[in-house]
Amino acid sequence: MPPPADIVKVAIEWPGAFPKLMEIDQKKPLSAIIKEVCEGWSLGSHENFALQIADSTNFYITEKNRNDIKNGSILRLTTSPYQTAVQLHERIQSSSMDAKLEALKDLANASRDITFAQEFINLDGISLLTQMVESGTDFGDLLSFTLTAFVELMDHGIVSWDTFSVAFIKKIAGYVNKSAMDIAVLQRSLAILESMVLNSQDLYHKVAQEITIGQLIPHLQGTDQDIQTYTIAVINALFLKAPEEKRQDMAHILAQKQLRSIILSNVIRSPTPINDEMAHQLYVLQVLTFNLLEDRMMTKMDPQDQAQRDIIFELRRIAFDVECEPNNGGSTEKRKSMYTRDYKKLGFINHVNPAVDFTQIPPGMLALDNMLYLARHHQDAYIRIVLENSSREDKHECPFGRSSIELTKMLCEILKVGELPSENCHDFHPMFFTHDRSFEEFFCICIQLLNKTWKEMRATSEDFNKVMQVVREQIMRALTLKPNSLDQFKSRLQNLSYTEILKIRQSERMNQEDFQSRPILELREKIQPEIMELIKQQRLNRLCEGTCFRKISSRRRQDKFWYCRLSPNHKVLHYGDLEESPQGEVPHDSLQDKLPVADIKAVITGKDCPHMKEKGALKQNKEVLELAFSVLYESDEYLNFIAPDKHEVSQQLLPLVVFTVLTFYFGDFFFFFFFLSFFSALLPF
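Thresholds, definitions, all that
- Residues numbered from 1 in each chain as written.
- Predicted model: local features only at pLDDT ≥ 70, side-chain atom pairs only at ≥ 80, totals over all residues.
- Heavy atoms only, no water.
- Helix = DSSP H or I, 4+ residues; strand = E, 2+ residues; numbered from the N terminus.
- Buried < 20%, exposed > 50% of the residue type's maximum accessible area, 1.4 Å probe, protein only.
- Areas by Shrake-Rupley, 256 points an atom, 1.4 Å probe, with all protein chains shown as cover.
- Pairing = 2+ DSSP bridges.
- Axes fitted to C-alpha atoms, helices over the stretch in contact; angles between N-to-C directions.
- Parallel < 35°, antiparallel > 145°, perpendicular 65-115°, else oblique.
- Left-handed = near helix turned anticlockwise from the far one by under 90°.
- Contact = heavy atoms within 4.5 Å.
- Nonpolar A, V, L, I, M, F, W, Y, C, P; charged D, E, K, R; others polar.
- Polar contact = N/O pair within 3.5 Å; in protein donor to acceptor, adjacent residues only side chain to side chain.
- Patch = residues over 30% accessible without salt bridge, like charges linked within 9 Å, V, L, I, M, F, W, Y side chains within 5 Å.
- Salt bridge = Lys/Arg side-chain N within 4 Å of Asp/Glu carboxyl O.
- Arc of directions from axis to C-beta.
- pLDDT = per-residue confidence, 0-100.
- Phe/Tyr/Trp six-rings, centres within 6.5 Å; stacked < 30°, edge-to-face > 60°.

Describing the overall build of the protein chain
(1) Moving on: Broken down by element type, the protein chain carries 29 helices and 11 strands.
(2) Moving on: Looking at the protein chain as a whole, 44% of its 685 residues qualify as buried.
(3) Moving on: Put simply, the protein chain shows about 36200 Å² of open surface, and 50% of that area lies on carbon and sulfur atoms.

This is the structure in structure tokens:
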């Protein structure tokens, strides 16, 4: 009989004694259980003892987590969190360096447990550690374990970060700014600075005064990925907490210090595989960088702003190689007409005043920035897109202006411009670290893709949204492959043509689990007999309608015809000569010859047909060979056919004759299986 659910069987250890097997009643107070254990080993003052999980964590058992104890767990009897905290508080102040070092090691390990941490903090342990750091007397392992214990204690969120002095901040920043520093000390110092910035706006300003991007860059040029990760984490924290008006300035500093190229060379293209934490920090940096575009994305164009209107004039000038006419040159109406014509060719929605197109947010002025970047930095591609579409018929032209605006909006959605980074995401893209203007280059590649896909789809203006959906799918599928460079991304897109997207969609639909789910399979099994019977009747009806064939001799083609059809009772093939091609169905009673289906022995195709073995031109005609089939109805008698075209022979006549014969001999059972194996490959249903 199994033990009650509240009873847990465990083993309990005590140094110097044999482990005890016990049954713990989870309904009893934990203090009562500890007292019982202590009495078993004749230990007094049970209130000074506690139970721990006997593994690498050494976490204390409390009333809150005691339900985590499972049958077979190994526990350890040890001193209580309070007693341990008191002892360590005294030991870390030892005058013996060796004793102090051992105490700090124990403190760093014990501080991971929140129960102990609370007791140590209650003894003003955090203040003691900060004083030890500020004194500057400890170095090497002593300092390393001091900072480790500090980080572990602060991670529990019990103490506010705002309580620390400027002297402590300066000391930690000093460890980061030193050119040669112990790796462990540097790592802990970077972690502390990141937490300070993220958890206190006041500390952000103090930290920002103590460290600069230039002082952090050298830590990225080393080979220790943990140091690189913490360094990027500090940069991200400073970036994230910076006031909006200072973020663009910070981005400019990052560009001046060539942060992107340093990360690309020393981190992304390093032989060391990128771990999850580094991937997360690179993702955060990517998001924060793209978020700098939010201001332009949410800025409407002012149709009355001449400087902004000049950008549109520049697009027109580059596309059509024209200069803006002076105000006194020609009539006003003529100039307006010329501008309207050109703006229509540029694909703007508002041909009279295209500035209105950029009043939609998002993407606002960001779309115009992208268009100008394309025109200036990829001028040949820009001119080709504009002129290519302006020369097409109106219904097939891909509107460059409208496409650019919608594409910019789509790219912002894909890259989540304006959204804060997710805490658990690792989705960074190496290609965005290969160019200082990666978003603009991304746009330039995608607008050319859009133009290409538009042509492949033979789209019209009514298909605009459909084209954008396909382009979005192409971009998302290419990004999923995580290309290492923009050129590689472009290459991936070349392999994702519209035709390929259709193939992928079809394949994915067929492989969806829903198609194999029990309800679908049951429905398929239920309706299959009815569908098969419907198909069978349709095929037989087609045979009953019959088909007209030309008579072809071995010497020359003659304008003579003959007709063959199945009788309504499906038992006889009626056939006979005609003087001319019939306009409709030929009655079976007007066809002189008959062939009982029961007499049919076989159906032969291609070069094995008797009329294809005759000498003459037909033997050499490969096309005619593919159209030929014969029905054997006696030992050496054949009814020979030349189908009108490949469609007739492969998708109608031959399968129908075969079905008729086999159904007559073997019934519906054979019809069903033959249909699955043969006819499904020939006819689209």
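Digging into the sheet that holds strand β3 (residues 49-53)
(1) Moving on: Pairing is mixed in the open sheet, where four strands are placed in the order β2-β1-β4-β3. What marks the edges here is a single partner per strand, and that holds for β2 (20-25) and β3. Put simply, the sheet's adjacent strands are angled 45 degrees from each other on average, direction ignored.

A few points about unusual backbone geometry
(1) Moving on: Between Ile361 and Pro362 the backbone carries a cis peptide bond, its omega angle lying at -20 degrees.
(2) Moving on: Mapped onto the elements, Pro362 comes out in the loop between α17 (332-345) and α18 (365-377).
(3) Moving on: With an omega of 15 degrees, the peptide bond between Pro362 and Pro363 qualifies as cis.
(4) Moving on: With respect to the helices, strands and loops of the structure, Pro363 is situated in the loop between α17 and α18.

Points about the environment of Phe428
(1) Moving on: Looking at the element boundaries, Phe428 is found in the loop between α20 (400-414) and α21 (438-456).
(2) Moving on: Under the relative-accessibility criterion, Phe428 is labelled buried at 9%.

Some thoughts on the packing of helix α6 (residues 140-154) against helix α8 (residues 183-199)
(1) Moving on: It is the contact of α6 with α8, at a shortest axis distance of 9 Å, that shows an interaxial angle of 25 degrees. On the basis of their axis angle, the class for α6 and α8 is roughly parallel. As α6 runs across α8, the sense of the crossing is left-handed. The segment α6 lies against α8, with Gly140, Leu143, Ser144, Leu147, Thr148, Phe150 and Val151 engaging Ala184, Val185, Arg188, Ser189 and Ile192.
(2) Moving on: Partitioned by chemical class, the residues of the contact of α6 with α8 number seven nonpolar, four polar and one charged.

Side note on the environment of His46
(1) Moving on: Along the polypeptide, His46 turns up in the loop between α1 (30-40) and β3.
(2) Moving on: With residues near it in sequence (within four places) discarded, His46 still touches Ser31, Ile34, Lys35 and Cys38.

Some remarks on the side chain of Ser404
(1) Moving on: Examined against the element boundaries, Ser404 turns out to sit in helix α20.
(2) Moving on: Within the local environment of Ser404, its side chain forms a polar contact with the backbone oxygen of Phe400, the two atoms lying 2.8 Å apart.
(3) Moving on: Residues in contact with Ser404, not counting those within four places in the same chain, are Ala367, Met371, Phe443 and Ile447.

So, the sheet that holds strand β9 (residues 602-605)
(1) Moving on: Strand order across the open sheet formed by three strands is β9-β10-β11, with antiparallel pairing between neighbours. Both edges of this open sheet fall to β9 and β11 (638-642), since each of them pairs with a single strand only. For this sheet, the mean inter-axis angle between neighbouring strands, taken without regard to orientation, is 20 degrees.

As for the pairing of strand β10 (residues 628-632)
(1) Moving on: Counting buried positions along β10 gives five out of five residues, so the element sits mostly inside the fold.
(2) Moving on: The alternating pattern of β10 places Ala628, Ser630 and Leu632 on one face and Phe629 and Val631 on the opposite face, and all of these are buried.
(3) Moving on: Pairing of β9 with β10, which is carried by four bridges, proceeds in the antiparallel orientation. Within β10, the residue paired with Thr605 across the bridge is Phe629.
(4) Moving on: Bridge count between β10 and β11: five bridges; the pairing is antiparallel. Note that in β11 the partner of Ala628 across the bridge is Ile642.
(5) Moving on: Between β10 and β11, which pair antiparallel and follow one another directly, the connecting turn spans five residues.

Section: a nonpolar patch on the surface
(1) Moving on: Nonpolar side chains collect at one region of the surface, where Leu523, Ile527, Ile531 and Leu534 lie side by side and expose about 350 Å² of accessible area between them.
(2) Moving on: Summarising the element assignment, Leu523 is placed in helix α25 (residues 518-545).
(3) Moving on: Residue class for Leu523 comes out partly exposed when judged on its relative accessible area of 46%.

Quick look at helix α10 (residues 213-220)
(1) Moving on: All of the buried residues in α10 are Ile213, Leu216, Ile217, His219 and Leu220. Buried residues of α10 fall within an arc of 160 degrees about the axis and therefore sit on the same side.
(2) Moving on: In this structure, the buried side of α10 is in contact with α7 (166-177), α8, α11 (225-241), α12 (244-256) and α13 (259-268).

Looking at the confidence of the model for the protein chain
(1) Moving on: Taken residue by residue, the protein chain gives an average pLDDT of 87. The fraction at 70 or more is 89%.
(2) Moving on: Per-residue pLDDT stays below 50 along residues 665-685; that stretch engages in 38 contacts with residues further than four places along the chain or on separate chains.

Here we look at the pattern of salt bridges
(1) Moving on: Inspection of the entire model under this criterion finds 22 salt bridges.
(2) Moving on: In this structure, Asp369 and Arg296 form a salt bridge, with 2.8 Å as the shortest nitrogen-oxygen distance. One end of the pair, Asp369, is in helix α18; the other, Arg296, is in helix α15 (residues 294-297), and 73 residues separate them in sequence.
(3) Moving on: A relative accessible area of 24% places Asp369 in the partly exposed class.

Quick word on the environment of Lys466
(1) Moving on: In this structure, Lys466 sits in helix α22 (residues 464-480).
(2) Moving on: For Lys466, a relative accessible area of 44% translates into the label partly exposed.
(3) Moving on: If sequence neighbours within four positions are ignored, Lys466 has contacts with Met457 and Tyr498.

Some details on the packing of aromatic side chains
(1) Moving on: Inspection of the entire model under this criterion finds 23 aromatic pairs.
(2) Moving on: Judged by centre distance (5.8 Å) and plane angle (40 degrees), the ring pair of Phe313 and Tyr339 falls under tilted. Of the two residues, Phe313 is situated in helix α16 (residues 306-320) and Tyr339 in helix α17; the sequence distance between them amounts to 26 residues.
(3) Moving on: Here Tyr382 and Phe400 contribute two aromatic rings whose centre-to-centre distance is 5.4 Å and whose plane-to-plane angle is 65 degrees, an arrangement assigned as edge-to-face. Of the two residues, Tyr382 is situated in helix α19 (residues 379-390) and Phe400 in helix α20; the sequence distance between them amounts to 18 residues.
(4) Moving on: With a relative accessible area of 0%, Tyr382 lands in the buried category.

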